[in-house]
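Secondary and tertiary structure notes
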Amino acid sequence: MRLTHDEQYQLAITNVSSMIDYWPYNEVRTMLDIKNRRMVKRFKRGDKSTVLKQAENMAEMIKRLGYDSPDYTLLCVPASSEHKHEKRYKLFSNALCMLTGMTNGYDFVQVHGKRDAIHKSVGRIIRNNDQRICVNECELYGRNVIIFDDVITTGKSFASFALRIEQAGANVVEGVFL
């Protein structure tokens, strides 16, 4: 999928940090690649111990980046359904914000309906795109936002969401990924 000019611009002006190298299945080369893929899969399923461990790991990175204060608000890129979004990100957001002191913006973004997962729709007809994302612009206006997503491949989901958050009046400071 091609990024629009605005999405390309957004990616160009936003800092992006990732804790692991995550490769598409057909590019997995090492045991570490396999280990990372398995961890991401457990995270996406909402495995509590994995989610909490990754919140601890992410907190270390957030602290190194200097974002460990209430001056920064954490938002998560919406998952493909409300159920998956909550399963992946509610506990993670709460734990990460407790560990770092960041403001938890989980409730500032609501996911309604479903869409095909981006990685499953590449090169295919999108069959289900009934998803609606509601952003609380009053809560976001003027905030410095750190956007989290589990993995980054093309950057399209992140870039689209970051642009939407900036249009709501927030300042997207960084994108962080497992």
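Scope of this entry: the structure provided in the associated data block. (Residues numbered from 1 in each chain as written. Predicted model: local features only at pLDDT ≥ 70, side-chain atom pairs only at ≥ 80, totals over all residues. Heavy atoms only, no water.)

Turning next to the side chain of Thr 100. Positionally, Thr 100 belongs in helix α4 (residues 82–100). Looking at Thr 100, the relative accessible area reads 6%, which means it is buried. For Thr 100, the side chain forms a polar contact with the main-chain nitrogen of Met 102, separated by 3.2 Å. (Helix = DSSP H or I, 4+ residues; strand = E, 2+ residues; numbered from the N terminus. Buried < 20%, exposed > 50% of the residue type's maximum accessible area, 1.4 Å probe, protein only. Polar contact = N/O pair within 3.5 Å; in protein donor to acceptor, adjacent residues only side chain to side chain.)

Another aspect to go through is a positive patch on the surface. Taken together, the side chains of Lys 35, Arg 38, Lys 41, Arg 42, Arg 45, Lys 84 and Lys 87 present a region of like positive charge at the surface. Element by element, the count of residues in the positive patch is highest for helix α2 (residues 31–45), at five residues. Taking relative accessible area as the criterion, Lys 41 reaches 55% and is therefore assigned exposed. (Patch = residues over 30% accessible without salt bridge, like charges linked within 9 Å, V, L, I, M, F, W, Y side chains within 5 Å. Areas by Shrake-Rupley, 256 points an atom, 1.4 Å probe, with all protein chains shown as cover. Salt bridge = Lys/Arg side-chain N within 4 Å of Asp/Glu carboxyl O. Lys, Arg positive; Asp, Glu negative; His and termini not counted. Charge placed at Lys NZ, Arg CZ, Asp CG, Glu CD.)

Tallying each qualifying case throughout the model produces three salt bridges. Across the pair Asp 150 and Arg 88 runs a salt bridge, and its minimum N-O distance is 3.7 Å. With Asp 150 in the loop between β6 (144–149) and α7 (156–167) and Arg 88 in helix α4, the pair connects residues that are 62 residues apart, well separated along the chain. The same class applies to Asp 150 as to Arg 88, namely buried. Among the ionic pairs, Arg 143 bridges to Glu 139, the shortest N-O distance being 3.3 Å. Under the relative-accessibility criterion, Glu 139 is labelled partly exposed at 33%.

Turning to the pairing of strand β7 (residues 171–177), a few remarks are in order. A large share of β7 lies buried, amounting to six of its seven residues. Summarising the sheet, strand β1 (residues 15–18) and β7 pair through four bridges and their orientation is parallel. From the neighbouring strand, Ser 18 faces β7, where its bridge partner is Phe 177. Across six bridges, β6 lies against β7 in parallel orientation. If you follow Ile 147 over to β7, its bridge partner there is Gly 175. Running through α7, the crossover from β6 to the neighbouring parallel element β7 is right-handed. (Pairing = 2+ DSSP bridges. Right-handed = clockwise from strand over helix to strand, strands pointing away.)

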